Amino acid sequence: EASLKKPETPEDLKALLLSARSVALSTQGASGPIVRRAFDALGIADTMNPRVVLISDMTAPEAVVRGRAELAFTQVSEILDTPEAQFLGPLPSPLQSLSSFSAGLSSKSRASQAASAFLMALKSPAAHTHMRTAGLIPATE
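It should be emphasised that the depicted structure is a prediction, and the values quoted were computed from it without experimental measurement.

> I keep staring at the pairing of strand β1 (residues 23-26) and nothing clicks. Help me out?
A regular strand places its side chains so that they alternate between the two faces of the sheet. Judged by which residues are buried, β1 turns out to be covered on both faces: Val23 and Leu25 on one side and Ala24 and Ser26 on the other are all buried. Across 4 bridges, β1 lies against strand β2 (residues 52-55) in parallel orientation. By the bridge assignment for β2, Val23 is matched with Val52. Across 3 bridges, the pairing between β1 and strand β3 (residues 71-73) is parallel. Counterpart to Val23 in the pairing with β3 is Leu71.

> What is the right way to look at helix α2 (residues 31-42) in this model?
Working note: α-helix, 3.6 residues per turn, so residues spaced by three or four point in the same direction. The first and last C-alpha atoms of α2 sit 16 Å apart over 12 residues, in line with the 16 Å expected at 1.5 Å per residue. Those residues of α2 that sit buried are Ser31, Gly32, Ile34, Val35, Ala38, Phe39 and Leu42. For α2, the angular spread of buried residues about the axis comes to 165°, placing them on one side. Across from the buried face of α2, at angles greater than 90 degrees, the exposed residues are Arg37, Asp40 and Ala41. Tucked into the core, α2 has its buried residues touching α1 (10-19), β1, α3 (45-48), β2 and β3. Once α2 ends, the next one or two residues include Gly43, with phi positive near 75°.

> Where do I start with the pattern of salt bridges in this structure?
A side chain of one charge can pair with a side chain of the opposite charge if their charged atoms are brought near each other. Counting across every chain of the model gives 3 salt bridges. A salt bridge links Glu70 to Arg21, with the nearest nitrogen and oxygen atoms 3.1 Å apart. Of this pair, Glu70 sits in the loop between α4 (60-65) and β3 while Arg21 sits in the loop between α1 and β1, and the two are 49 residues apart along the sequence. Residue classification places Arg21 among the exposed positions, given a relative accessible area of 67%. The salt bridge partner of Asp57 is Arg68, with a shortest N-O separation of 2.9 Å. Taken together, the residues span a long stretch of sequence, with Asp57 in the loop between β2 and α4 and Arg68 in the loop between α4 and β3 at a distance of 11 residues.

> For this particular structure, what's the right way to read the side chain of His128?
Among the structural elements, His128 can be located in helix α7 (residues 125-133). Here the side chain of His128 touches Leu122 through a polar contact of 3.3 Å, landing on its backbone oxygen.

Rules and cut-offs
Residues numbered from 1 in each chain as written. Predicted model: local features only at pLDDT ≥ 70, side-chain atom pairs only at ≥ 80, totals over all residues. Heavy atoms only, no water. Buried < 20%, exposed > 50% of the residue type's maximum accessible area, 1.4 Å probe, protein only. Helix = DSSP H or I, 4+ residues; strand = E, 2+ residues; numbered from the N terminus. Pairing = 2+ DSSP bridges. Expected span 1.5 Å × (residues − 1). Arc of directions from axis to C-beta. Contact = heavy atoms within 4.5 Å. Salt bridge = Lys/Arg side-chain N within 4 Å of Asp/Glu carboxyl O. Polar contact = N/O pair within 3.5 Å; in protein donor to acceptor, adjacent residues only side chain to side chain.

Right under this line is the structure:
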């Protein structure tokens, strides 16, 4: 398997995409629409549309590992959760879209002490280390 270069700029990403015969996108979630907007922004939507392989029975990185597509675009955490997949990096800044996750305590919680402890644990350095390893960016960064 050839090693691919991380696309640092939109022009790098455009060159990578134009060199690919197929690109896997999940039929669920926000990744597909985000990548299609990137195709539009790069001016290559018409070229890329026939190369898109829509994936619904597995993750997009699994589709690459199984040979159904050459490239995949999805959440960083989903790529890192597929050890056989090669992570090239996030989309270049002008095209990047971040997902935010929040946690809170309900005023009607039956286990408010346990929920509070969980929320405090999410703020810990150990949890932040684990989040970074999983491809997530803790809110404090």
